[in-house]
Amino acid sequence: MSSNNFVVFGLLLLIAHVRSIMWYMEPNQSKCLREEIQANVLVSGEYQVSEVHGQKVDYVVRDSKGHILAQKQDIPHGKFGKFSFVTEVYDNFEICFNSHVPPTHRGVRQEITLNVKRDLEAKSFESLLGEASKLKPVEVELRRLEELSKVIVDDFSRMRKSEEEMRNTNESTNARVLYFSIFSMCCLLGLATWQVFYLRRYFRAKKLIE
């Protein structure tokens, strides 16, 4: 792989680990976003809700088993909020925003912005930048490249493991289909042989053949 291709691949991988979205939340409605995430991955999110008097918006982050990983009720309007968690297993995760409008108020749709980061982009390097006396900007950038390289290697390892699991599944399925086909052929041959002997005995009993 050439250096240019490696850089392009790294940038694409880095972009793929960032999810940014904006939508309008209707009054008293819910909006959920789901995604599959690998194990041992740091996930952080930053959100903002437009200000509307009298309306409240909550959010909750859950896994497929319903375990709550992060939540907040009555999100402050107009301010950026943050959440973060580390995945323990490969699973489907969802973040849901819920709008609440009192019966005495007329609901107005609200603008919600959500920016989700994973892996390297979710890690904060502010502590490194704060140690300017110990680490030079070049050293900080090298640390970032080191983390990016680790992310790429981990992704390749996961892809290779997934490919091996799929290959093993295909081989196992092919073996089962082969055994089932052989068993079916044996059953058909046995049934055909039994029919031949049965019909021969029947025709001899009726004296149609000798």
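Shown above is the structure to which this text applies.
Residues numbered from 1 in each chain as written. Predicted model: local features only at pLDDT ≥ 70, side-chain atom pairs only at ≥ 80, totals over all residues. Heavy atoms only, no water.

Trainee: For the environment of Glu-94, give the residues involved together with the corresponding values.
Mentor: Positionally, Glu-94 belongs in strand β7 (residues 91-100). Classification of Glu-94 as buried rests on a relative accessible area of 17%. With 59 residues separating them in the primary sequence, Glu-94 and Glu-35 have C-alpha atoms 6.5 Å apart. Each residue touching Glu-94, except ones within four places of it in the same chain, is listed here: Cys-32, Leu-33, Arg-34, Val-60, Val-61 and Arg-62. A polar atom in the side chain of Glu-94 sits 2.8 Å from the side chain of Arg-34. (Helix = DSSP H or I, 4+ residues; strand = E, 2+ residues; numbered from the N terminus. Buried < 20%, exposed > 50% of the residue type's maximum accessible area, 1.4 Å probe, protein only. Contact = heavy atoms within 4.5 Å. Polar contact = N/O pair within 3.5 Å; in protein donor to acceptor, adjacent residues only side chain to side chain.)

Trainee: So what about the state of the cysteines? Which residues, and what values?
Mentor: Taken as a whole and judged by the stated rule, the model has one disulfide. There is a disulfide in this structure between Cys-32 and Cys-96, and the S-S distance comes to 2.0 Å. Taking the torsion about the S-S bond as the criterion, the Cys-32 to Cys-96 disulfide, at about 115°, is right-handed. Residue Cys-32 is found in strand β2 (residues 30-37), and its partner Cys-96 is found in strand β7; the two are separated by 64 residues along the sequence. The class of Cys-32 is partly exposed, set by a relative accessible area of 29%. Overall, Cys-96 belongs to the buried group, its relative accessible area being 4%. Considering cysteine sulfurs only, Cys-187 is the nearest to Cys-186, which forms no disulfide, with 7.0 Å between them. (Disulfide = S-S within 2.5 Å.)

Trainee: If you had to explain the layout of surface pockets to someone new, which residues and values would you point to?
Mentor: With a probe scaled to a water molecule rolled over the atoms, the places where space remains empty come into view. Looking at the second largest pocket, its volume works out to about 250 Å³. In this structure, the second largest pocket is lined by 16 residues; those nearest its centre are Leu-33, Glu-35, Ile-95, Leu-114 and Val-116. Among the secondary structure elements, those contributing two or more residues to the lining of the second largest pocket are β1 (18-25), β2, β6 (80-86), β7 and β8 (110-118). Among the elements that line the lining of the second largest pocket, the one with the most residues is β2, at four residues. Of the residues belonging to the lining of the second largest pocket, the class tally is eleven nonpolar, one polar and four charged. (1 Å grid on protein atoms, 1.4 Å probe; cavity = no way out; pocket = protein on both sides within 12 Å on 5 of 7 lines; lining within 4 Å. Points joined across faces, edges and corners; volume = space filled by probe spheres on them. Nonpolar A, V, L, I, M, F, W, Y, C, P; charged D, E, K, R; others polar.)

Trainee: How would you summarise the sheet that holds strand β5 (residues 68-72) if you had to cite specific residues and measurements?
Mentor: Strand order in this open sheet of four strands is β2-β7-β4-β5, and the pairing throughout is antiparallel. In this open sheet, the two strands that pair with only one neighbour each are β2 and β5. Here the average twist between neighbouring strands, direction ignored, is 10°. Examined bridge by bridge, strand β4 (residues 56-63) and β7 share eight bridges and lie antiparallel to one another. (Pairing = 2+ DSSP bridges. Axes fitted to C-alpha atoms, helices over the stretch in contact; angles between N-to-C directions.)

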